[in-house]
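Coordinate inspection notes
So the chains spell out like this:
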Amino acid sequence: MKNIVIINGHPDIMSFCHALTESYANGAHQAKNNVITFHLHQLKFDPILHNGYRTIQELEPDLILVQNAIKSADHVVFVYPNWWGTYPALLKGFFDRAWLSGFGFKYVPGKMLPNKLLTGKTARIIMTMNTPKWYYRWFYGRPGIKSVRDTILAFSGIGPTKITQIGMIKGSDDKTRAEWLKMVEKLGYTD
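The model shown is predicted, which means the values in this text are computed figures rather than measured ones.

What to know about the overall build of the protein chain
- Regarding its fold elements, the protein chain presents six helices and eight strands.
- A globule of 191 residues ought to have a C-alpha radius of gyration of about 16 Å, and the protein chain, at 16 Å, matches this closely.
- If one aligns the C-alpha atoms of the protein chain with their principal axes, the spans along those axes are about 55 × 40 × 30 Å.
- Evaluated residue by residue, the protein chain yields a buried proportion of 48% over its 191 residues.
- Long-range contacts, defined as pairs at least 24 residues apart, comprise 74% of the intrachain contacts of the protein chain with a sequence gap of at least 6.
- Accessible area of the protein chain: about 10000 Å², with a carbon and sulfur share of 57%.
- Positive and negative charge centroids in the protein chain, built from 23 and 14 side chains respectively, lie 9 Å apart.

With respect to unusual backbone geometry
- In this structure, the amide linkage connecting Gly-159 to the following residue, Pro-160, adopts the cis form with an omega of 5°.
- Its location among the elements puts Pro-160 in the loop between helix H5 (143-153) and strand S8 (161-167).
- Geometrically, the link from Gly-167 to Met-168 is a cis peptide bond, its omega value of 15° lying close to zero.
- Tracing the backbone shows Met-168 in the loop between S8 and helix H6 (174-190).
- Although it is not a glycine, Trp-84 sits at a positive phi angle of roughly 50°.
- Residue position: Trp-84 is located in the loop between strand S4 (75-81) and helix H3 (89-98).

Cut-off values and rules
- Residues numbered from 1 in each chain as written.
- Predicted model: local features only at pLDDT ≥ 70, side-chain atom pairs only at ≥ 80, totals over all residues.
- Heavy atoms only, no water.
- Helix = DSSP H or I, 4+ residues; strand = E, 2+ residues; numbered from the N terminus.
- Rg over C-alpha atoms; globule rule 2.2 N^0.38 Å.
- Buried < 20%, exposed > 50% of the residue type's maximum accessible area, 1.4 Å probe, protein only.
- Contact = heavy atoms within 4.5 Å.
- Areas by Shrake-Rupley, 256 points an atom, 1.4 Å probe, with all protein chains shown as cover.
- Lys, Arg positive; Asp, Glu negative; His and termini not counted.
- Charge placed at Lys NZ, Arg CZ, Asp CG, Glu CD.

In structure tokens:
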């Protein structure tokens with residue numbers, strides 16, 4: 001049995017990402033895992049760093065709740081759409097506000113790289129897209145995956161991170177979407 005945290009970074013409750021999040025959670029529940037799901041659009045927090053990192057804003061209770069869940073997790077799942085190559089501003093704001101020194105990493109005087117505070121956890125990224133996968137990989141270099149996997153999760157010690165790209169969403173029919181939902185439910189069961 002694992003402790004799994006799922007974070008949906010899409011700001012719209014009617015999104016396909018919301019449905020994928022629920023499918024993954026269903027599969028994880030069927031496998032008898034402990035699952036906590038967060039839909040960022042339901043959380044109350046200011047996603048803007050008003051003073052940059054010069055002065056750390058006090059964390060809202062919802063951000064503290066997510067941080068504590070991640071600290072206790074064995075596996076963390078991020079579900080989000082590819083928007084302009086990366087991800088929605090809401091998810092970026094979540095990372096800016098919650099992924100702080102002392103939570104995901106800790107700077108140490110005299111060391112070039114910080115200590116990683118979230119080691120021992122694995123992750124999965126489930127990203128929806130309207131760009132062909134091959135084009136996103138070979139022409140853009142997968143910036144929305146690299147950013148989360150390498151400069152946030154791995155930087156904090158989380159890994160390995162498995163990648164699931166789903167698309168093209170635009171123009172997909174109900175049958176195809178049902179197949180994607182079933183596939184993601186199976187991932188939730190087997191991760």
